[in-house]
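# Breakdown of the fold
Listed here are the chains, written in short residue letters.
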Amino acid sequence: MAINLFLLGLMWQRLGLPAIPPMTALWLSIPLGVPATWLAAKWVKSLIDEAEGRR
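Within any chain, residue numbers begin from 1 and follow the written order of that chain's sequence. Local features are withheld for residues below a pLDDT of 70 in this predicted model, meaning they are given only at 70 or higher, and side-chain atom pairs are given and counted only at 80 or more; totals for whole chains, interfaces and linings count all residues. The basis for the side-chain values is all heavy atoms of the structure; hydrogens and waters are excluded.

## Remarks on the packing of helix 1 (residues 2-12) against helix 2 (residues 22-51)
- Lines are fitted to the C-alpha atoms to define the axes, a helix being fitted only along its stretch in contact, and any angle between axes, read from their N-to-C directions, falls within 0 to 180 degrees. Starting at the N terminus, helices and strands are each numbered in turn, a helix being any DSSP run of H or I of at least four residues and a strand any DSSP run of E of at least two. The geometry of helix 1 relative to helix 2 is characterised by a closest axis approach of 8 Å and an angle of 130° between their N-to-C directions. With respect to each other, helix 1 and helix 2 are oriented oblique. The crossing of helix 1 and helix 2 is right-handed. On helix 2, the residues touching A2, L5 and F6 of helix 1 are P22, A25, L26, L28, S29 and L32.
- Under the convention adopted here, Pro, Cys and the residues Ala, Val, Leu, Ile, Met, Phe, Trp and Tyr are nonpolar, Asp, Glu, Lys and Arg are charged, and Gly plus all remaining residues are polar. Of the residues assigned to the contact of helix 1 with helix 2, the class counts are 8 nonpolar, 1 polar and no charged. What sets the label is the angle itself: under 35 degrees gives roughly parallel, over 145 gives roughly antiparallel, 65 to 115 gives roughly perpendicular, and the rest give oblique. Left-handed describes a crossing whose near helix is turned anticlockwise from the far helix through less than a right angle; right-handed describes the clockwise counterpart. Contacts are residue-level and defined by heavy atoms, with any inter-residue pair within 4.5 Å sufficient.

## Some remarks on helix 2
- Note on bend: at a given residue it equals the angle between the axes fitted to the 7 residues ending there and to the 7 starting there. The sharpest bend along helix 2 comes to roughly 40°, located at I30, with the proline P31 sitting one to four residues further on.
- Categorising residues by exposure relies on relative accessible area from a 1.4 Å probe, with only protein chains included: less than 20% of the type maximum marks a residue as buried, more than 50% marks it as exposed, and the intermediate range marks it as partly exposed. Buried within helix 2 are the following residues: A25, S29, G33 and D49.
- Tucked inside the fold, the buried residues of helix 2 contact helix 1.
- Backbone geometry just after helix 2 places G53 at a positive phi near 75°.

Don't take any of this as a statement about function, it's just geometry.
What follows is the structure, encoded as structure tokens:
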């Protein structure tokens, strides 16, 4: 998530906005990354359950 935010900040420069410093991107990625990781894990678990015939 931090890499995505940092690269997004670099793309913002095209619009005239300032770049996001790497440490800021890292700190902003923590509250964004935790829910994204939880949702990805939930999705993978449902795929495993489906493959094993538990559903």
